[in-house]
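# Understanding the architecture of this molecule
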Amino acid sequence: MTDIRDDVTIGFTAVFGHEPDGLWSAPGRVNLIGEHTDYNLGFVLPFAIDRRTVVGVGLRDDRMLRVASTFADELVEISLDALAALTPEDAGRELSGWSAYVLGVAWALGLDEFGGDLAAVPGLELFIDSDVPVGAGLSSSAAIESAVALALNDVWQLGLERPALARVGQRAENVAVGAPTGIMDQSASLLGVRDHAVFLDCRSLEGQVVPLGLDEAGIVVLVIDTGVKHSHATGGYGERRAACERGAAAMGVESLRDVSVADLPRARELLDDVTYRRVAHVVTENQRVLDTVDTLRGVGSDEGSPSGPLAIGELLDASHRSMRDDFEISVPELDLAVEVAVEAGAIGARMTGGGFGGAAIALVKLDDLSRVQVAVDNAFSEHGFSAPDTFVVRASDGAARN
Ligand code: GLA
C-alpha cells in the first residue's frame, strides 16, 4: 500500500513536474455471494479487499484534464468543455482504453442526474497506479472509478454521497467503457468496512455492513486467480442479462427481484429451458444471499444450529453449482479450482465476479491453507492449465482520501 502511494507521488512528479495536492485510493472487491443478482435488483454480499488503486490529483488553473498512469506510457488530455459536450454515444465512441474509466467518471459527474455542472470547476492532473490484478474478476475497473469519483467529488466540492458516487462509477462503466454491469462492484469499493461484508439491496440501494467473523473463526478467504481473462464489454455477460430481462417480462414482473423460489414451478411452465435455468439461478442466488447474511449474523435459524462463517460453506458450494449448471458462466479452470479446494478441506468455494474466467474464492481454515494451495497448484498442472495465482485477501475499508 505504502509502495503504491509512493509510486504515485513519484510518477505524478515525473510527469507533471510537481507533487500532487492529494492522494485518494479505492479497493477492488471479492463477492462472497450473490452473482448476477445486482442488475436484477436483488441482493449481493461483496467485500472490499486489501488491494487498491491510488490516484494522485493536482489542481490546474485552466480547464484541462490530463491523465497518466502506470498502465500505459501515454498522457491523455481533454478539456472539461469538450468532455461535458459529449453525448452518451460520443462518450462511448471517443473515450477508450484505460483512460475511459477515469474520463468516464469525470463525464458522468457532469450529468444532470448527479447535479453535475462542470462549467465552473478547475482542470486537473491525475496519475494512477494499482495493485488490483486486472481481468481477475476482482473489479480493478471499479477500483479506478471509485478512487477517481471520490477524488473529484472532494476537489470539485460536489457534495455527492457514496451511493451516488457508486452510480457515477457504474455510469462510466456502462457508457464510456460499454460494459452493461450492475452496481455491486462500485458499491463494495465505496462502502466497504474492514472485516465486514457489504449487504446491498440493489433495488433500494440500501447497504448494511455484516461482520464476517473470519479472524475469530480462524479462517481466511483464498483467491484463486485462474489467469483466464474475461471482458464484460463483450458477449456472455450481456447475453445473460438479456435472458434475465426476457424471463422477467415473460413472468410479468419488472425484474427478477419480484420472483421467489416458490414461483419457480410456474416459471418452469412458462419459460423455455435455457431461460428457466437463467431465472432459477438468479432467484435461488437471491435466497442464498439472504441465508448467508442470516447465518453470519446467527439469526433466523433454529436455536443451536450452526452460525458464523464456518457455517456458510454449503451456500457457497450451491452458488457455484448454480452458476456452473444453470447460469453457465463458469469455465473448466474455475470448476477445477472449486472442486479441488473443497476436496482438500476448504469450508466452501465458488467462482466470484461476472464469470467466463477470472477468480474463484475458497473459505479455508488457516491450518488447511497450504494444503489447499498445493492441491490446487498440482491439479492445474495435471490438467495442463497455466499455474494459478493464489493469495489471501482481507476484508478492508472502502475508498478514502490517502
Ligand atoms: C461483474 C459486474 C457486477 C456484477 C457481477 C456479477 O462484476 O461488474 O455488476 O453483475 O459481474 O455478479
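This text gives an overview of the structure that appears in the document. Here the residue index of a chain counts from 1 through its sequence in written order. Restriction of local features to residues with pLDDT of at least 70 applies here, the model being predicted, together with a cutoff of 80 or more for giving and counting side-chain atom pairs; totals for whole chains, interfaces and linings are based on all residues. Derived side-chain values reflect all non-hydrogen atoms in the structure, with water molecules and hydrogen atoms excluded from consideration.

This part is about the layout of surface pockets. Space inside the largest pocket adds up to approximately 670 Å³. Only protein atoms enter the 1 Å grid used here, on which a cavity is any set of points holding a 1.4 Å probe that cannot leave and a pocket is any open set flanked by protein within 12 Å on both sides along at least five of seven lines; residues with an atom within 4 Å of a point are listed as lining. Forming the boundary of the largest pocket are 38 residues, of which Y101, S141, E173, H230 and H232 lie nearest the centre. Those elements that place two or more of their residues in the lining of the largest pocket are α4 (99-109), α5 (140-155), α6 (162-177) and α7 (184-191). Counting from the N terminus, the helices are DSSP H or I runs at least four residues long and the strands are E runs at least two residues long. Per-element accounting of the lining of the largest pocket gives the leading share, four residues, to α5. Here the lining of the largest pocket is built from residues that sort into 17 nonpolar, 16 polar and five charged. Grid points are joined across faces, edges and corners, and a volume is the space filled by probe spheres set on the points. Three classes are used: nonpolar for Ala, Val, Leu, Ile, Met, Phe, Trp, Tyr, Cys and Pro, charged for Asp, Glu, Lys and Arg, and polar for all others, with Gly counted as polar.

For this description, a residue counts as near a given molecule or strand if any of its non-hydrogen atoms is within 4 Å of it. The environment of the ligand is made up of 13 residues, and the closest members are E35, H36, D38, D185 and Y237. The definition of a polar contact used here is a pair of N or O atoms within 3.5 Å, where within protein one atom must be able to donate a hydrogen and the other to accept one, and adjacent residues in sequence count solely through side-chain atom pairs. Within the contact set of the ligand, an oxygen atom lies 2.7 Å away from a side-chain nitrogen or oxygen of E35. One of the side-chain N or O atoms of D185 is found 2.5 Å from an oxygen atom in the ligand. Using a 1.4 Å probe, accessible areas were evaluated by the Shrake-Rupley method; residue-level cover was limited to the displayed protein chains. When the ligand is considered free in solution it has 310 Å² of accessible area, and contact with the protein chains removes 97% of it.

Turning our attention to the pairing of strand β4 (residues 76-79). Summary of the burial criterion: residues with accessible area below 20% of their type's maximum are buried, those above 50% are exposed, and those between are partly exposed, where the area comes from a 1.4 Å probe applied to protein chains only. Going residue by residue along β4, you find V76 and I78 tucked away on one face and E77 and S79 left uncovered on the opposite face. Strand pairing is defined by DSSP finding a minimum of two bridges between the two strands. Looking at chain direction, strand β3 (residues 64-69) and β4 are connected through four bridges and run antiparallel. Pairing of M64 across the sheet is with S79, part of β4. Connecting β3 to the next strand, β4, in antiparallel fashion are six residues.

It helps to recall that an α-helix has 3.6 residues per turn; residues three or four apart then point in one direction. Of all eight residues in α7, seven are buried; the element is thus mostly enclosed. All of the buried residues in α7 are M184, D185, Q186, S187, A188, S189 and L190. For α7, the elements touching its buried residues are β1 (22-33), β2 (43-59), α5, α6 and β6 (196-201). Contacts: residue pairs with any heavy atoms within 4.5 Å of one another.

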